[in-house]
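Spelled out, the chains give:
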Amino acid sequence: MTNGWTVVDASGEIDIAFAPVVRAAVVRLLADGHQHFVLDLCGAPFLDSAGLGMIVAVTKRIRSHHGSLRIACDDERLLRVFSLGGLRPVYSFHDSVDQAVAQPAGAEELADWPRPRH
């Protein structure tokens, strides 16, 4: 944990097979008392609609625990999936995990979710 953030490494293909693994990890961490997450997609070579759906589902779960979520991703192909799904303006994206954890965690990040960030 860095600066209040729990980093979830999602470096595999975020698809119908791997998405449930990531979701289960977040649910387990929430049960252990973690609230603020950085989803590290920097090593993920692929993200499909099942992966995007998993991210929305864990966002709802995190929000229900008054937590927050940042996404570390610098791959334009993956970011395009968020754009196509209409979710690019909703999340806080960072080029690296170090950048994502630089500022302390706070629940205000998802306070207006799912409305776009300004």
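It should be emphasised that the depicted structure is a prediction, and the values quoted were computed from it without experimental measurement.

**Remarks on the nonpolar core**
Counting 28 residues, the largest nonpolar core has Leu39, Leu41, Leu47, Ile55, Ile71, Phe82 and Tyr91 as the members making the most contacts within it. A total of five residues in this core trace back to one element, the largest contributor, which is helix H2 (residues 49-64). Not counting the four nearest positions on each side in its chain, Ile55 is found in contact with Leu39, Leu41, Leu47, Ile71, Phe82 and Tyr91.

**Some remarks on the pattern of salt bridges**
Under the defined criterion, the tally for this structure stands at one salt bridge. Residues Arg77 and Asp75 are paired through a salt bridge, measuring 2.7 Å at the closest nitrogen-oxygen approach. Overall, the relative accessible area of 15% leaves Asp75 in the buried class.

**Here's the deal with the packing of aromatic side chains**
Using the criterion set out here, one finds three aromatic pairs in the structure. With a centroid separation of 6.1 Å and an interplanar angle of 70°, the aromatic rings of Phe82 and Tyr91 are classed as edge-to-face. Residue Phe82 shares its accessibility class with Tyr91, and that shared class is buried. Here the aromatic residues Phe82, Tyr91 and Phe93 are joined through ring pairs into a cluster of three or more. Taking NZ or CZ as reference, Arg88 lies 5.5 Å from the ring centre of Phe93, over its face.

**Examining H2**
Between its first and last C-alpha, H2 extends 23 Å over 16 residues, near the 22 Å set by a 1.5 Å rise per residue. Taken together, the buried positions of H2 are Gly51, Leu52, Met54, Ile55, Ala57, Val58, Thr59 and Ile62. Where H2 starts, the residue carrying a side-chain oxygen 3.0 Å from the main-chain nitrogen of Ala50 turns out to be Asp48. Downstream of H2 by a residue or two, His66 has a phi angle that is positive, lying close to 60°.

Rules of the game
- Residues numbered from 1 in each chain as written.
- Predicted model: local features only at pLDDT ≥ 70, side-chain atom pairs only at ≥ 80, totals over all residues.
- Heavy atoms only, no water.
- Core = buried A, V, L, I, M, F, W, Y, C linked by side-chain atoms within 4.5 Å.
- Buried < 20%, exposed > 50% of the residue type's maximum accessible area, 1.4 Å probe, protein only.
- Helix = DSSP H or I, 4+ residues; strand = E, 2+ residues; numbered from the N terminus.
- Contact = heavy atoms within 4.5 Å.
- Salt bridge = Lys/Arg side-chain N within 4 Å of Asp/Glu carboxyl O.
- Phe/Tyr/Trp six-rings, centres within 6.5 Å; stacked < 30°, edge-to-face > 60°.
- Lys NZ or Arg CZ within 6 Å of the ring centre and 35° of its normal.
- Expected span 1.5 Å × (residues − 1).
- Polar contact = N/O pair within 3.5 Å; in protein donor to acceptor, adjacent residues only side chain to side chain.

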